[in-house]
Amino acid sequence: DFAEGEFVNKDFYQDNQKGWLEKNDILLSSTGEGRGKIDIHDLHEQAIADSHISIIRLKKGMNPLYVLYFMRSLLGKLQLETIEMAIKGTPEIYPEQLERFRIIDVPKDKQDEVVRKIHQELENLRKKKEKVIDLRNEIDKILLQELR
């Protein structure tokens, strides 16, 4: 959400190349209350991640959405919980532990098929949510009419 993004000057950006983001990098919140939240950087704008974000850059031939959905799955969440470490009382996911994270590697066409199926299910879920909102609005309308 770039509405909450902070901007840095060019010198800071140049001095912190390790944090530069590329399109389709997977971003993992590695510390704090939001630890384990994961998303994909799908923009072309220049951006930099702070030190609390792990940047996962994929090898060629991997569908980044497949990796994202896998990491959000039960198998992914369990692994993230297993590899996080608490040093000085603060749980954190360190790069050395993140390197032990395992993804079920299937051919690219199978990855694409999984992504298509997930997108279809997400679209179905979105439609159902719209129906629930419409029904709630209808219920509110009935209740308000009855209270008059």
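Residues numbered from 1 in each chain as written. Predicted model: local features only at pLDDT ≥ 70, side-chain atom pairs only at ≥ 80, totals over all residues. Heavy atoms only, no water.

*Asks:* Please clarify how the packing of aromatic side chains should be interpreted in this entry.
*Replies:* To describe a pair of aromatic rings, you give the distance between the ring centres and the angle between the ring planes. Applying the stated rule across the entire model yields 2 aromatic pairs. Between Tyr-13 and Trp-20 the ring centres are 4.7 Å apart and the planes differ by 10 degrees, which places this aromatic pair in the stacked class. Pairing Phe-70 with Phe-101 gives two aromatic rings, centres 6.3 Å apart and planes at 90 degrees, and the pair type is edge-to-face. Placement of Phe-70 in helix 2 (residues 64-72) and of Phe-101 in the loop between helix 4 (95-98) and helix 5 (108-147) is noted, with a sequence separation of 31 residues between them. (Phe/Tyr/Trp six-rings, centres within 6.5 Å; stacked < 30°, edge-to-face > 60°. Helix = DSSP H or I, 4+ residues; strand = E, 2+ residues; numbered from the N terminus.)

*Asks:* What is the right way to look at the environment of Arg-100 in this model?
*Replies:* Inspection of the secondary structure assignment puts Arg-100 in the loop between helix 4 and helix 5. In this structure the C-alpha to C-alpha distance between Arg-100 and Ile-53, which are 47 residues apart in sequence, comes to 17 Å. Beyond its immediate sequence surroundings of up to four residues, Arg-100 is in contact with Gln-79 and Ile-83. (Contact = heavy atoms within 4.5 Å.)

*Asks:* Would you explain the sheet that holds strand 2 (residues 38-41) in this entry?
*Replies:* Note on sheets: strands pair through backbone hydrogen bonds, and any given pair is parallel or antiparallel. Reading across from one edge, 2-1-3 is the order of the 3 strands in this open sheet, with antiparallel pairing throughout. Looking at which strands have only one partner, the edges of the open sheet turn out to be strand 2 and strand 3 (53-56). Across this sheet, the average inter-strand angle for adjacent strands is 30 degrees, counted without regard to direction. Sheet topology places strand 1 (residues 25-29) next to strand 3; 4 bridges connect them, and they run antiparallel. In the strand pairing of strand 3, Ile-26 is matched with Ile-56. Its contacts with the sheet place helix 2 against strand 1, strand 2 and strand 3, and it is angled at close to 170 degrees to strand 2. (Pairing = 2+ DSSP bridges. Axes fitted to C-alpha atoms, helices over the stretch in contact; angles between N-to-C directions.)

*Asks:* Where do I start with the pattern of salt bridges in this structure?
*Replies:* Working definition: two side chains of opposite charge can pair if their charged atoms are close together. A full pass over the atoms with the stated rule returns 9 salt bridges. Of the charged contacts, one joins Lys-110 and Glu-113 as a salt bridge, the two residues approaching to 4.0 Å between their closest N and O atoms. Here the residue Lys-110 and the residue Glu-113 both occupy positions in helix 5, the gap between them amounting to 3 residues, near one helical turn. A relative accessible area of 39% means that Lys-110 is categorised as partly exposed. The class for Glu-113 is partly exposed, based on a relative accessible area of 29%. Here the salt bridges share partners, and the residues they tie into one network are Glu-22, Asp-25 and Arg-57. (Salt bridge = Lys/Arg side-chain N within 4 Å of Asp/Glu carboxyl O. Buried < 20%, exposed > 50% of the residue type's maximum accessible area, 1.4 Å probe, protein only.)

*Asks:* Sorry, what's going on with the environment of Ser-30 here?
*Replies:* The residue Ser-30 is located in the loop between strand 1 and strand 2 in this model. Ser-30 gets classed as buried once you look at its relative accessible area, which sits at 2%. Considering only alpha carbons, one finds Ser-30 and Ala-49, 19 residues apart in sequence, at a separation of 12 Å. If we skip the residues at most four places from it in the chain, Ser-30 touches Arg-35, Ser-51, His-52, Ile-53, Ser-54, Pro-91, Glu-92 and Ile-93.

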